[in-house]
Amino acid sequence: MSERETWTTRVGFLFAAIGSAVGLGNLWQFPFKTATNGGAAFVAFYLVAVLVVGFPAMLAEFVLGRRTNVNAVDAFEEMGHRNWRLVGGFAVFTGFWILSYYNVVGGWVLRYILGSVRGAYFGDPAGYFGAVSSGPEAVLAQAIFLAIVVGIVAFGIEDGIEKATKVMVPSIVVLMVALAAWVATLPGAGEGYAFFLSPDLGTMIANAGSIIPFAVGQAFFTLSLGMAIMITYSSYVGEDDNLVFDGGVIVVSNTLVGILAGIVVFPILLTIGAEITTQTGGAGALFVATAAGFGTLPYSRVFGVVFFGVVLIAALSSAISLLEVTVAYANDNYGIPRPYLAGAAGLGLFVLGLPSAWNTAWLTWFDNFAYQLFLPFSGLLLTVFVGWVVGRDAVDELLQGADGLGGFSQVWLWTLRLVVLVALLGTLVLGIQTMFLGSDPAFFAPF
């Protein structure tokens, strides 16, 4: 087995983990999940879900990774529970599944950067999306994006992922703040902020049952949980790092970028008079709706390049973390050089992603499986393992490097055992209903 790498600095780990969380889940899905689930009411429930579900679940993945210092599959055996390796294997599979269509969306972003330079989508945003989102052009763009991701991961933890994310994460934050400041000058800014940031208590109470599961699912997706990323990244962490502090930094940073995304997107939509309804969402919503807005703004080409440049950086930072999960498993178990492992995984991802690149209906189908079933099921199994099977050892690991947090560790454990478990179970039940049992099951949509 080849020698295992580690992060060279704690900041390197934080940037990599933040980069993983701050991805398309924030910039592609969050604004439009908000639009289709009650606006500010969804944001309020989402923030609660991040705190009481996402944060405890992230710490569970952290303690498992650092305790074992191995990949997400072997971690369960290292904890003395070989039969639970299947849970790690399912989490790795989930990440691989997500990355197969994530690369397709990354390819779209590349095309939109080029389209912004040329002003190609200003006249017909919907038509441009239809032309570049599926078919041979989408397959080629997917391959280019995937080649960039494979190249970064092939260089390893220190020379590839750590160096790349140290540049990517600050760039995302700086550019998003600059975009938010510029958007504040638009005539629709106030109305956009109100829709996004002013929850109506009556709406929250009346729609809590339907909004909460989606808020929990979004919190899990956007924090890169349930797909073995945080187990893998924390396996490279030193034993003296304060996992509670690190997790808090990651959660806060990720949430702020998600809020910034909404602050940028909704004023643009309201400025052009877009009707924000349940039809605003969908795989192409970010591209069609925002592109329509850019065409009406001053310096539209520059704005489009900067905006989709931010989306590209975020997409890359998450994609490299998803690929690292698979490479880490193979690297821990087989004496194969990392570049070959990354290349082989990339080839498999390209093949699995072909249906999504050829037809957006398949991309939506893949995304529904991940969002509605795979992520909550993976998170539920991990929660049971860390909260109920490991229990005391998990608390001991959390307290390593976190002196004075004994009381918090017990609150964390019981929150994991009860609140997180119930929330993920409810989300999974809703997902099963959506995919298989409703009046129009999502499972049959592409067929």
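Look up a bit, the structure's there.
All of these numbers come straight from a predicted model, not from anything done at the bench.

Asker: Tell me what's going on with the overall build of the chain, and back it up with residues and numbers.
Answerer: Assigned secondary structure in the chain consists of 19 helices and zero strands. On C-alpha atoms alone, the chain measures out to a radius of gyration of 21 Å, which is about the 22 Å that the 2.2 N^0.38 rule sets for 447 residues. Structurally, the chain occupies a C-alpha span of about 60 × 50 × 45 Å along its principal axes. Residue burial in the chain is summarised as follows: out of 447 residues, 60% are buried. Taking the intrachain contacts of the chain between residues at least 6 apart in sequence as the baseline, contacts between residues at least 24 apart amount to 85%. With an accessible surface of roughly 16300 Å², the chain has 66% of that area assigned to carbon and sulfur atoms. Computed over 15 positive and 26 negative side-chain charges, the separation of the two mean positions in the chain equals 3 Å.

Asker: Hey, could you go over helix α1 (residues 10-21) for me, with residue numbers and the actual values?
Answerer: Between its terminal C-alpha atoms α1 stretches 17 Å, which fits the 16 Å expected from twelve residues at 1.5 Å a residue. Burial runs high along α1: nine of the twelve residues are buried. Among all positions of α1, only G12, F13, L14, A16, A17, I18, G19, S20 and A21 are buried.

Asker: Which residues make up the pattern of salt bridges, and what values do they have?
Answerer: One pass over the structure, following the stated rule, counts nine salt bridges. The partner of R67 in a salt bridge is E397, and the shortest N-O contact between them spans 3.3 Å. With R67 in helix α3 (residues 40-68) and E397 in helix α18 (residues 392-399), this residue pair connects regions lying 330 residues apart in the sequence. Residue R67 is classed as partly exposed on the basis of its relative accessible area, which comes to 33%. When its relative accessible area of 6% is taken as the criterion, E397 is described as buried.

Asker: Any details on empty space enclosed by the protein? Residues and values, ideally.
Answerer: One pass over the structure, following the stated rule, counts five cavities of 30 Å³ or more. Looking at the largest cavity, it is lined by 15 residues, and the ones nearest its centre are S20, Y102, F221, S224 and S318. Of all the secondary structure elements, the ones that give two or more residues to the lining of the largest cavity are α1, α2 (24-36), α5 (85-118), α11 (208-222) and α15 (300-333). Element by element, the count of residues in the lining of the largest cavity is highest for α15, at three residues. Looking at the lining of the largest cavity, its residues break down into eight nonpolar, seven polar and no charged.

Asker: Before we move on, could you go through a nonpolar patch on the surface and cite the residues and values that matter?
Answerer: Taken together, V48, L51, V52, W388, V389, W414, L418 and V419 make up a surface patch of nonpolar side chains, about 710 Å² in accessible area. For W414, a relative accessible area of 40% translates into the label partly exposed.

Asker: Pulling in residues and values, what's your account of helix α17 (residues 360-390)?
Answerer: Note that an α-helix has 3.6 residues per turn; residues three or four places apart therefore point the same way. Its 31 residues give α17 an end-to-end C-alpha distance of 41 Å, which sits within 8% of 45 Å, the value for a rise of 1.5 Å per residue. Taking the largest bend as the criterion, α17 deviates by roughly 35°, centred on A370. Burial analysis of α17 places 22 of its 31 residues in the buried class, the great majority of the element. Residue N359 occupies the N-cap position of α17, its side-chain oxygen lying 2.8 Å from the main-chain nitrogen of A361. Looking one or two residues beyond α17, the residue adopting positive phi is G391, at roughly 55°.

So, how was this worked out
- Residues numbered from 1 in each chain as written.
- Predicted model: local features only at pLDDT ≥ 70, side-chain atom pairs only at ≥ 80, totals over all residues.
- Heavy atoms only, no water.
- Helix = DSSP H or I, 4+ residues; strand = E, 2+ residues; numbered from the N terminus.
- Rg over C-alpha atoms; globule rule 2.2 N^0.38 Å.
- Buried < 20%, exposed > 50% of the residue type's maximum accessible area, 1.4 Å probe, protein only.
- Contact = heavy atoms within 4.5 Å.
- Areas by Shrake-Rupley, 256 points an atom, 1.4 Å probe, with all protein chains shown as cover.
- Lys, Arg positive; Asp, Glu negative; His and termini not counted.
- Charge placed at Lys NZ, Arg CZ, Asp CG, Glu CD.
- Expected span 1.5 Å × (residues − 1).
- Salt bridge = Lys/Arg side-chain N within 4 Å of Asp/Glu carboxyl O.
- 1 Å grid on protein atoms, 1.4 Å probe; cavity = no way out; pocket = protein on both sides within 12 Å on 5 of 7 lines; lining within 4 Å.
- Points joined across faces, edges and corners; volume = space filled by probe spheres on them.
- Nonpolar A, V, L, I, M, F, W, Y, C, P; charged D, E, K, R; others polar.
- Patch = residues over 30% accessible without salt bridge, like charges linked within 9 Å, V, L, I, M, F, W, Y side chains within 5 Å.
- Bend = angle between axes of the 7 residues up to and from the residue.
- Polar contact = N/O pair within 3.5 Å; in protein donor to acceptor, adjacent residues only side chain to side chain.

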